[in-house]
Amino acid sequence: MPDAVVLGAGSWGTTFAKVLADGGARTVLWARRPEAAREIDESRRNTRYLPGITLPASLHATSDVRAALADASQVYLAVPSQQLRQLLREHGDAIAPDAPIVSLMKGVEADSRLRMSAVIEQELGIDPGRIAVVSGPNLALEIAQEHPTAAVVSSTSDETARAVAKRARNDYFHSFINHDVIGTEFGGVLKNLVALAIGVVDGVGYGENTKASIMTRGLAEVTDFAVAHGAERETMRGLAGLGDLIATCGSPLSRNFTAGRLLGMGYSRTDVIARMEQVAEGLASVDPVAQLAAAKGVRMPILEQVKLVLDGAMDPKDIAPHLTTDDEPIKE
Ligand SMILES: NC(=O)c1ccc[n+]([C@@H]2O[C@H](COP(=O)([O-])OP(=O)(O)OC[C@H]3O[C@@H](n4cnc5c(N)ncnc54)[C@H](O)[C@@H]3O)[C@@H](O)[C@H]2O)c1
Ligand SMILES: O=P(O)(O)OC[C@H](O)CO
């Protein structure tokens, strides 16, 4: 009986399965493609997503999702956010009745505008206390290379948060806990949008002042948005807020930064999507987050400008930490 199953064998699912296995958990990783499962199981490699990484011998992989779920005592989800609902609809009934369900994802569902924990709750009809989310400055390849890293596990249930944090830790990965699921999830979603903006200005050729201005104002924007939706302000200063913003905005390993960079270099939204080989969740989150902000009357100038650039309605070189229509000085 596995201690943990991870659904989704991309860069983060595979890395997180390694984190769990290296922490001593009997871990099964589900890969949609049989050849990917075979490569992980037999060669201890996932060359497409984690080049150069040798996976632990104790990690097992399968392409049979229902067999993977059978009797697993914790379930971790790491598929692209737009694919989660369908996966749960097809296979949610194979999840063991009391197993905590843990989202590793950082997106919102485009149609419903729901956070991933809300999609899980709605689709499986379970108590929110069974759900946890993991977030933080967690660039997959660095963690797969065992660089010391921290994350936060959030659940409304203290018992669930602690149970997951105890599993998801080892010599190089430490899990803190909190109970602010809204803030923890929105931190992960929104830093992707700021990273898109930072990528754009990097692609244009602007320097560190521009990036620092956008990151700092971006954090203010992210915080206003999250607090308006029920998050605790403190969470946005933690690993899932500021921590993840720093990691994602400062690294060429970030797919969101990379997508933004391509936009800044002049590629269109369609070209950028076509060139990305891994998921950049921010591209699908821009519109639903803009709608959620509008519904609460939250001002998000950086997000607005990223949306204009994506829509081809703004020249990337004009993106700034403020709207050019801001005539009156605004309090920082
Ligand atoms: N990579 C990171 O550094 C990182 C870190 C933290 C969080 N995340 C989050 O984890 C989530 C997954 O991202 P990733 O980095 O692993 O993406 P990825 O692009 O590396 O991999 C996505 C995986 O999902 C699989 N997949 C796609 N559609 C599927 C479906 N319908 N059913 C099952 N599998 C499907 C793909 O085959 C691939 O294996 C995202 O929400 C991302 O924001 C990623
Ligand atoms: O590659 P990104 O932009 O999806 O970012 C990965 C992680 O979320 C960083 O914490």
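Remember, it's a predicted structure, so these values are computed and weren't measured experimentally.

Participant: Help me out: how do you make sense of the overall build of the protein chain in this one?
Facilitator: Counting its regular elements, the protein chain contains 14 helices and eight strands. The C-alpha radius of gyration computed for the protein chain amounts to 19 Å, which stays within 12% of the reference 20 Å derived for 332 residues, consistent with globular compactness. Taking all 332 residues of the protein chain together, 51% fall into the buried category. A separation of at least 24 residues holds for 72% of the contacts in the protein chain among residues at least 6 apart in sequence.

Participant: Got a minute to help me understand unusual backbone geometry in this structure?
Facilitator: Leaving glycine aside, a negative phi is the common case for residues, and trans is the common case for peptide bonds. Residues other than glycine seldom take positive phi values, yet R44 does so here, at roughly 60°. Mapped onto the elements of the fold, R44 is located in the loop between helix 2 (34-43) and strand 3 (60-62). In this structure, D71 is a non-glycine residue whose phi angle is positive, near 65°. Relative to the assigned elements, D71 resides in the loop between helix 3 (65-69) and strand 4 (75-77).

Participant: Got a minute to help me understand the pairing of strand 1 (residues 4-7) in this structure?
Facilitator: Where a strand is regular, its side chains alternate between the two sheet faces. A two-sided burial pattern is seen for strand 1, the buried positions comprising A4 and V6 on one face and V5 and L7 on the other. In this structure, strand 1 lies alongside strand 2 (residues 27-30), joined through four bridges in parallel fashion. Bridge pairing in strand 2 links L7 to W30. Traced from strand 1 through helix 1 (residues 11-22) to strand 2, the parallel crossover comes out right-handed. Two elements, strand 1 and strand 4, share three bridges in a ladder whose sense is parallel. Of the residues in strand 4, the one forming a bridge with V6 is Y76.

Participant: So what exactly am I meant to see when it comes to the site of ligand 1 here?
Facilitator: Close contacts around ligand 1 come from 24 residues, with G10, W12, M105, A140 and Q278 the closest. A breakdown of the residues in the shell around ligand 1 according to their chemical character gives 12 nonpolar, nine polar and three charged. When we break the shell around ligand 1 down by domain, the ones giving at least three residues each are domain 1 (4-179) and domain 2 (188-318).

What counts and how
Residues numbered from 1 in each chain as written. Chains lettered and ligands numbered in written order. Predicted model: local features only at pLDDT ≥ 70, side-chain atom pairs only at ≥ 80, totals over all residues. Helix = DSSP H or I, 4+ residues; strand = E, 2+ residues; numbered from the N terminus. Rg over C-alpha atoms; globule rule 2.2 N^0.38 Å. Buried ≥ 20, exposed ≤ 12 C-beta atoms within 10 Å, placed from the backbone. Contact = placed C-beta atoms within 7 Å. Pairing = 2+ DSSP bridges. Right-handed = clockwise from strand over helix to strand, strands pointing away. Near = placed C-beta within 6 Å. Nonpolar A, V, L, I, M, F, W, Y, C, P; charged D, E, K, R; others polar. Domains from an automatic or database assignment.

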